[in-house]
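Examination of the molecular architecture
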Amino acid sequence: MSKSKHNIAVSVEDTVIISHYASLLANNDIVESIATEQLRQQAKQSLLTKGLPTKKDEQWQYTALDSWKKILFDYSQGGGGNLQDLASFLPSFASFKLIFVDGVLNQKLSDNLTNLPKGCKVVIDDKNPRLPSSQEPFINLFTLTCKQTIVIEVDAKAMLELPLHLVQVTTQQSIEATGLAINVGESAQCKIVQQLVSLNGQAKFHNGYAAINIAKNALCEQFVVQNLNKNSFYFNNQVINQAEKSTFKSHYINLGSAVARHENIVIFAGEYCEAYQSSVVLGNETQVADSRTVTNHNLPNCESYQLHKFVLDDYARGVFNGMIYVAPDAQKTNGNMDNRNLLLSNNAKMDTKPQLEIYADDVLCSHGCTSGQIDKNQLFYCQSRGIRKADARALITRAFVLEPLDSINNLEIKQWLAELIKQKLDKEN
Amino acid sequence: MSDRLEYNTEYEEINELLTSKSGGYKEGFFTKTKVNTFAKGLDEDVVRAISSKKNEPQWMLDFRLKAYRHWITLEEPHWAKLEYVPLDYQNFSYYSAPECSACSSDDGDSQLEISEVDEEVAKAFASLGVPVAGNADAEKPNIAVDAIFDSVSVSTTKREDLAELGIIFCSFSEAVHEYPELVQKYIGSVVRYDDNFFASLNSAVASDGTFVYIPENVRCPIDLSTYFRINEAKTGQFERTIVIADKGSYVSYLEGCSAPARDAYQLHAAVVEVIVLDDAEVKYSTVQNWYPGDKDNEGGILNFVTKRGICKGKNSKMSWTQAETGSAITWKYPSCILFGDNSIGEFYSVALTNNRQQADTGTKMIHIGKNTSSTIISKGLSAGVSQNTYRGMVKILPTAENARNFTQCDSMLIGDKCGAHTFPYIEVENSTATMEHEATTSRIGDDQLFYCKQRGIGEEDAISMIVNGFCKDVFKELPLEFAQEAEELLAISLEGSVG
Amino acid sequence: MLLDIKNIHAHVEGDEDKEILKGLSLQVNVGEVHAIMGPNGAGKSTLSSVISGNEDYEVSAGEMTFNGKDILEEDPEDRARQGMFLAFQYPVEIPGVSNKLFMQTSLNAIREEQSLPALDMFDFDQYAQEKMQLLNMNKDMLERSVNVGFSGGEKKRNDIFQMALLAPKLCILDETDSGLDIDAMKIVANGVNSLRSKDRGFILITHYQRLLDYIKPDFVHVLYDGKIIKSAGFELAHELEKNGYDQIIADYQAAKN
């Protein structure tokens, strides 16, 4: 039997794209460490042998990359556009802000790094970017193109009340591959808000990678608000390592981008960990929004809860892919994953794969998912009480999509997120 | 056809040895009979030889050859969550038949005479409780049976009664001769010759199977049933079954299977095609009890099956119910293509794995027509060190307005060395559709066990009661006798898994 | 003597530091109804678990005989077969298993112990119908899965119904009144009262005295700190209702010091 199928030649198109991204930093004058150079080489080799993902890859069958492949993104040359409009995008709650414009820290707009809250260090490391080694194509692209890592260290027992707020602003067509390394010390607590905004219609290729390590007893709550314009492409891979009795809470809000794909890989490296993961995904026109999670219950007595809600209109396509893995002997695992989707137009599509892979018996694992339109009975009930149909739809849609925010304890952040979601919904209706 | 391709053997009585080795598998006896078996191996000559053995018309041979030529370009799929070494397809024999002068199918125009069923074969079926011509069970009032022994159908009961209603119920080989237009029209119409690796293989070397046609507006008064038995060592069984329910008709079709205990893997790659026209309904029930192998599942049946029904007409209904307890490996996804408006697809499944058994099973519901609805109830039980996977697809195409799907898949783990996995694929491309999917994984609760014990019920009984309760939503879909058999099988298959 | 508990010590399985029963003694004869009362956390539910043989608890010292036979090493099903019945505080759900099948299996297990022939489906049906009337239960209840989709009251009634079916020698009711409204409680009490006989003993474990107004016990015991600290007749229940546990506990503490 023919064996040729295993070695499909990488297409010319893919080779061109990969070579382009490989060349971005090659022209830099920066001398890199041997280790860094090796990682970049490995990433390039892996990409050149395997090519970029196609619909035939099970992990990518629902995430079309055709439009992304059409543009070869370069790094921004700096300069920045008109930043006056930025203020209107920023929330009013108090936070420690770091504002990056087209990938470069804007010191004028940002809070001064010397005034960081007590117990917290932030370093923007462009000498030694933290590069992962992986088989994943977009992680490899990251490793190939990453210029800097934002390193956040939270000291043991530090309780940061003030959220750390990273704003990544786009004003020019460009690639941004900034890494994020968050280390939360023992018994420490912190909140990190990551916000992506476009100030104009320029396309952004955001390809992020975050390594989050949460020490014993610590808590890290993360908010990612992705509101890039609809010419942009958003990819983000996050790997979260949790030590015993730690808690990770993540809230992903997907509002923008032509194609967006956000993935959490949670690894419980100690017992009695908890992880809460939620998504709110709004999509319309021809947006493709992909939210995925892998939750590794490697050890006993851990709990994970997930709620992912999608509202899709026009020709939008939503993808949810979740995997709860329970290792042998990971007894007393509690894993729960819920995906609920609302389709507002006849042409919207939703593809869902909620998966369970379980090798231990004393577990309580479940997943549920539903897709459908607004319940006609609910609509009629509202109408019969004098509420106009359009208002009733908005009311029901809002109530549906805001539910994942219920698990947020910080009221200011919760309100801000709810407002952003409402605005986006209202604008589209 | 050259002589070197076949040989005749008379086997020694090794029944006792094998049953003692197989332990709990009570169907594990071996029938001593004279058989005509092809030498191992597969090439175009073998395909031609099978066809010529069966005296097939040219179009059937062409179908086989087309499939064979496609098959050799394919690679054995390994995407399922099943671990097995790639099979050596040259190490199986692709034809085996009991050698008696007038056994059906050899010449294709068999008229069954009671005395013509090989005595040993008849005995084998009798001890399995399967009615064949000449044994006492043949007069069972509510069932008609096609009994298939290795590659050939040996007996089909109650045909005359059915013929009066215009119902065709015969072996597949016979249908090729007697009803060539029907077979030609429908073979490969639901599962194409190039559908997948195992379907192509089956299309090339299809042994025997059952052919059912229910004419317009006829409600088949009795259950139709096929009983498959793999007897010969190192043979594959590649049955091909076609069920056609014409407009307004109804049939309930049952399928049972077993194989002797062997120490080498046996291959089973079947294809079932079901065509349901306007307002018709087919209920297809399977109790799969192929030999699972010894404690390490060495020598069990490798079960790679493609089953698919198409609800072609409006208001049609296709219902699959399966109780899967046997086989070393099960790879099986009975599916429904819901093409007709208002058509209904159902899949009810209990899959139990014990020892080292592996099952990757589920369904596909493809919604094409308007107002189509589907229900999936899957109950997976894993015990021992087995792996049990539900893999299911629900696809709602843009044309399927107001489609509905409800899926419930529950897994129960018995012991801490086994695995239970759920891999659903849900694709919704029409917003008027409603889809609901729920899955849970759990084990038998300590509180449940204590409650039963406090009522005087011993642990083993309590477990069997709780397990049967877990499967009840599926068992109630099985015809009564089958449901009982399934419950008993469950109990036998679970033996020794709890302690 | 029906049940004789002497100086029982028990802890949570695998946690020897967590002793819950600390030298409890109790004697129950046939024909007697004993009420065990006590504040939350006194060990009331542990007592019912230990008597019925729940493996979540381990007995570290003491003796327990049932019908004169040592049962400490016996499995819960063997104790049940010898005539012990526990009405659960939270009756357990068993999806897919009908009440009918469950109770038929249970009854036949107990009949087997008594060397009686098993009841077939029809005999069982007839037998069950009689008992159902006693508890005002819907006929469809037999077809439903064990406790699945039952309201709190229905679950308790179902347990009392099982008690009536199995006709045990010793009935232990663990907080059967909790969560019941007055009507449900009356039905349960009626069931219990109709089962009172000179051949049968009862242990009612309860936090409140209200059930005792309907089922008048012969003896009332106060359980506190893993021991019975006071025993008396029915009048003790009224005293507790009026004055609470405080005085009795204070007296006990004083005596202890």
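Cut-off values and rules
- Residues numbered from 1 in each chain as written.
- Chains lettered and ligands numbered in written order.
- Predicted model: local features only at pLDDT ≥ 70, side-chain atom pairs only at ≥ 80, totals over all residues.
- Heavy atoms only, no water.
- Helix = DSSP H or I, 4+ residues; strand = E, 2+ residues; numbered from the N terminus.
- Rg over C-alpha atoms; globule rule 2.2 N^0.38 Å.
- Contact = heavy atoms within 4.5 Å.
- Areas by Shrake-Rupley, 256 points an atom, 1.4 Å probe, with all protein chains shown as cover.
- Lys, Arg positive; Asp, Glu negative; His and termini not counted.
- Charge placed at Lys NZ, Arg CZ, Asp CG, Glu CD.
- Buried < 20%, exposed > 50% of the residue type's maximum accessible area, 1.4 Å probe, protein only.
- Pairing = 2+ DSSP bridges.
- Axes fitted to C-alpha atoms, helices over the stretch in contact; angles between N-to-C directions.
- Patch = residues over 30% accessible without salt bridge, like charges linked within 9 Å, V, L, I, M, F, W, Y side chains within 5 Å.
- Salt bridge = Lys/Arg side-chain N within 4 Å of Asp/Glu carboxyl O.
- Disulfide = S-S within 2.5 Å.
- Phe/Tyr/Trp six-rings, centres within 6.5 Å; stacked < 30°, edge-to-face > 60°.
- Lys NZ or Arg CZ within 6 Å of the ring centre and 35° of its normal.
- Buried area = accessible area lost by both parts, 1.4 Å probe.
- Nonpolar A, V, L, I, M, F, W, Y, C, P; charged D, E, K, R; others polar.
- Parallel < 35°, antiparallel > 145°, perpendicular 65-115°, else oblique.
- Left-handed = near helix turned anticlockwise from the far one by under 90°.
- Polar contact = N/O pair within 3.5 Å; in protein donor to acceptor, adjacent residues only side chain to side chain.

So, about the overall build of chain C. In terms of regular secondary structure, chain C is built from nine helices and twelve strands. The C-alpha radius of gyration computed for chain C amounts to 18 Å, which stays within 12% of the reference 18 Å derived for 257 residues, consistent with globular compactness. The principal-axis extent of the C-alpha atoms belonging to chain C is close to 60 × 40 × 35 Å. A fraction of 67% describes how many contacts in chain C between residues 6 or more apart in sequence connect residues 24 or more apart. With the model as given, the accessible surface of chain C reaches about 11300 Å², and the carbon-plus-sulfur share is 46%. With 26 positive and 42 negative side-chain charges, chain C shows a spacing of 6 Å between the two charge centroids.

Before going further, it helps to examine the overall build of chain B. Looking only at helices and strands, chain B features eleven helices and 26 strands. Out of the 499 residues belonging to chain B, those deemed buried represent 67%. The long-range fraction of contacts in chain B, counting pairs at least 24 apart against all pairs at least 6 apart in sequence, stands at 82%. Of the accessible surface of chain B, which amounts to about 16800 Å², a share of 48% is contributed by carbon and sulfur atoms.

Moving on, we get to the pairing of strand E6 (residues 84-87) of chain C. Residues and elements named next belong to chain C. Side chains Met84 and Leu86 project from E6 onto one buried face, and the interleaved Phe85 and Ala87 project onto a second face that is buried too. Here E6 pairs with strand E9 (residues 170-174) via four bridges, running parallel. If you follow phenylalanine 85 over to E9, its bridge partner there is cysteine 171.

Looking now at the sheet that holds strand E1 (residues 3-12) of chain C. All names here are of chain C. The strand order E2-E1-E4-E5 describes an open sheet built from four strands, whose pairing is antiparallel. A single partner strand is all that each edge strand has here, and the edge strands are strand E2 (19-28) and strand E5 (69-70). Bridging between E1 and strand E4 (residues 57-66) involves eight bridges; their strand directions are antiparallel. Bridging from a neighbouring strand, valine 12 pairs with tyrosine 57 of E4. Together, E1, E2 and E4 form the strand contacts of helix H1 (residues 44-52), whose direction differs from that of E4 by roughly 65°.

Below, the discussion takes up a negative patch on the surface. All names here are of chain C. A contiguous patch of negative charge on the surface is contributed by Glu13, Glu16, Asp17, Asp56 and Glu58. Tracing the backbone shows glutamate 58 in strand E4. Given the relative accessible area of 32%, glutamate 58 is considered partly exposed.

Here a disulfide denotes one covalent bond, and it connects the sulfur atoms of two cysteines. Inspection of every chain in the model, using the stated rule, returns zero disulfides over all chains. In this model Cys190(A) remains outside any disulfide bridge; the closest cysteine sulfur is found in Cys220(A), 4.0 Å from its own. There is no disulfide at Cys369(A), and the cysteine sulfur nearest it, in Cys409(B), is 9.6 Å away. Cys369(A) gets classed as buried once you look at its relative accessible area, which sits at 0%.

Evaluated as defined, the whole model comprises 37 aromatic pairs over all chains. On the basis of an interplanar angle of 65° and a centroid distance of 5.2 Å, the ring pair of Phe198(B) and Trp331(B) is categorised as edge-to-face. With Phe198(B) in helix H8 (residues 197-205) and Trp331(B) in strand E17 (residues 329-332), this pair connects stretches of sequence that are 133 residues apart. Classification of Phe198(B) by relative accessible area gives buried; the value is 1%. Assessed through its relative accessible area of 4%, Trp331(B) is described here as buried. Geometrically, the ring pair formed by Tyr224(C) and Tyr252(C) is edge-to-face, given 5.9 Å between the ring centres and 85° between the ring planes. Placement of the pair is Tyr224(C) in strand E11 (residues 219-224) and Tyr252(C) in helix H9 (residues 246-256), with a sequence separation of 28 residues. According to the relative accessible area criterion, Tyr252(C) is buried, its value standing at 13%. Here a set of aromatic residues connected by ring pairs shows up, and it is made of Tyr68(B), Trp71(B), Trp79(B), Tyr84(B), Tyr89(B), Phe197(B), Phe198(B), Phe304(B), Trp331(B) and Tyr333(B). Lying over the aromatic face of Tyr276(A), Lys249(A) brings its terminal NZ or CZ to 5.8 Å of the ring centre. When the ring centre of Tyr250(B) is taken as reference, the NZ or CZ atom of Arg219(B) above it lies at 4.0 Å.

Another point: the interface of chain C and chain B. Opposite the 31 residues of chain C that make contact, chain B presents 17 residues. Summing the contributions of chain C and of chain B, the shared interface buries around 2000 Å²; its carbon and sulfur component is 64%. Linking chain C with chain B are two salt bridges, by the criterion used here. Across the pair Lys453(B) and Glu55(C) runs a salt bridge, and its minimum N-O distance is 3.8 Å. Residue assignment for the side of chain C that touches chain B shows that the elements contributing at least two residues are helix H2 (76-81), E6, strand E7 (94-98), helix H3 (99-113) and helix H5 (152-166) of chain C. Among the elements that make up the side of chain C that touches chain B, the one with the highest residue count is H3(C) (six residues). Classifying every residue of the side of chain C that touches chain B gives 17 nonpolar, nine polar and five charged.

This brings us to the sheet that holds E11(C). Residue and element names in this part refer to chain C. What the six strands build is an open sheet, ordered E6-E9-E10-E3-E11-E12; its pairing is mixed. Unpaired on one side and paired on the other, E6 and strand E12 (227-232) mark the two borders of the sheet. Ignoring which end each strand starts from, the neighbouring axes of this sheet average 20° apart. Relative to strand E10 (residues 201-206), strand E3 (residues 33-37) is paired through five bridges, and the arrangement is parallel.

Before going further, it helps to spend a moment on the interface of chain B and chain A. Contacts between the two partners involve 36 residues from chain B, matched on the other side by 40 residues from chain A. When the two sides are added together, the surface that chain B and chain A hide from each other amounts to roughly 3100 Å², 46% of it contributed by carbon and sulfur. Taken as a group, Glu75(B), Ser431(B) and Arg443(B) account for 19% of the area that chain B buries against chain A, more than any other trio of residues on that side. Applying the counting rule to chain B against chain A returns four salt bridges. Between Asp361(A) and Arg443(B) there is a salt bridge whose closest N-O contact spans 3.7 Å. Those elements giving two or more residues to the side of chain B that touches chain A turn out to be strand E25 (419-428) and strand E26 (434-443) of chain B. Alignment of strand E19 (residues 349-358) of chain A against E25(B), held across six bridges, turns out to be antiparallel. Paired with Thr352(A) across the two strands is Ile426(B), which belongs to E25(B).

Another point: unusual backbone geometry. The phi dihedral of Glu285(A) falls on the positive side, at around 50°, and the residue is not glycine. Looking at the secondary structure, you find Glu285(A) in the loop between strand E14 (274-283) and strand E15 (288-297). Notably, Asn7(C) is not glycine yet its phi reads approximately 50°, a positive angle. Summarising the element assignment, Asn7(C) is placed in strand E1.

Now for the environment of Gln222(A). Residues and elements named next belong to chain A. For glutamine 222, the position within the fold is in strand E10 (residues 219-227). For the pair glutamine 222 and lysine 249, spaced 27 residues apart in sequence, the C-alpha separation works out to 6.1 Å. Those residues in contact with glutamine 222 that lie beyond four places of it in its chain are Ile192, Gln194, Ile212, Gln238, Phe248, Lys249, Ser250 and His251.

Residues and elements named next belong to chain A. Together, Val12, Val16 and Leu72 make up an exposed nonpolar region whose accessible area comes to about 260 Å². Note that valine 12 resides in helix H1 (residues 12-26). Looking at valine 12, the relative accessible area reads 65%, which means it is exposed.

Once that is clear, we can look at the packing of helix H9 (residues 446-454) of chain B against helix H10 (residues 459-475) of chain B. How two helices sit against one another is set out by the angle between their axes and by the gap between those axes. Residue and element names in this part refer to chain B. Contact geometry of H9 with H10 gives a least axis separation of 9 Å together with a crossing angle of 125°. On the basis of the axis angle, H9 is oblique to H10. Remark: the crossing between H9 and H10 carries right-handed chirality. Contacts between H9 and H10 involve Gln448, Leu449, Cys452 and Lys453 from the former and Glu459, Ala462, Ile463 and Ile466 from the latter.

All names here are of chain B. With respect to the secondary-structure elements, asparagine 303 resides in strand E15 (residues 301-311). Only 2.5 Å separates the side chain of asparagine 303 from the side chain of histidine 268, close enough to count as a polar contact. Excluding residues that lie within four positions of it along the chain, asparagine 303 makes contacts with His268, Gln288, Trp290, Glu324, Ser327, Ile329, Thr330 and Trp331.

Time to look at the pattern of salt bridges. Under the counting rule described, the total for this entry stands at 51 salt bridges over all chains. Between Lys317(B) and Glu346(B) there is a salt bridge, with its nearest N and O atoms 3.7 Å apart. Residue Lys317(B) is found in strand E16 (residues 317-324), and its partner Glu346(B) is found in strand E19 (residues 344-353); the two are separated by 29 residues along the sequence. A relative accessible area of 12% places Glu346(B) in the buried class. Taking the shortest distance from any N to any O, the salt bridge between Asp199(C) and Lys198(C) comes out at 3.8 Å.

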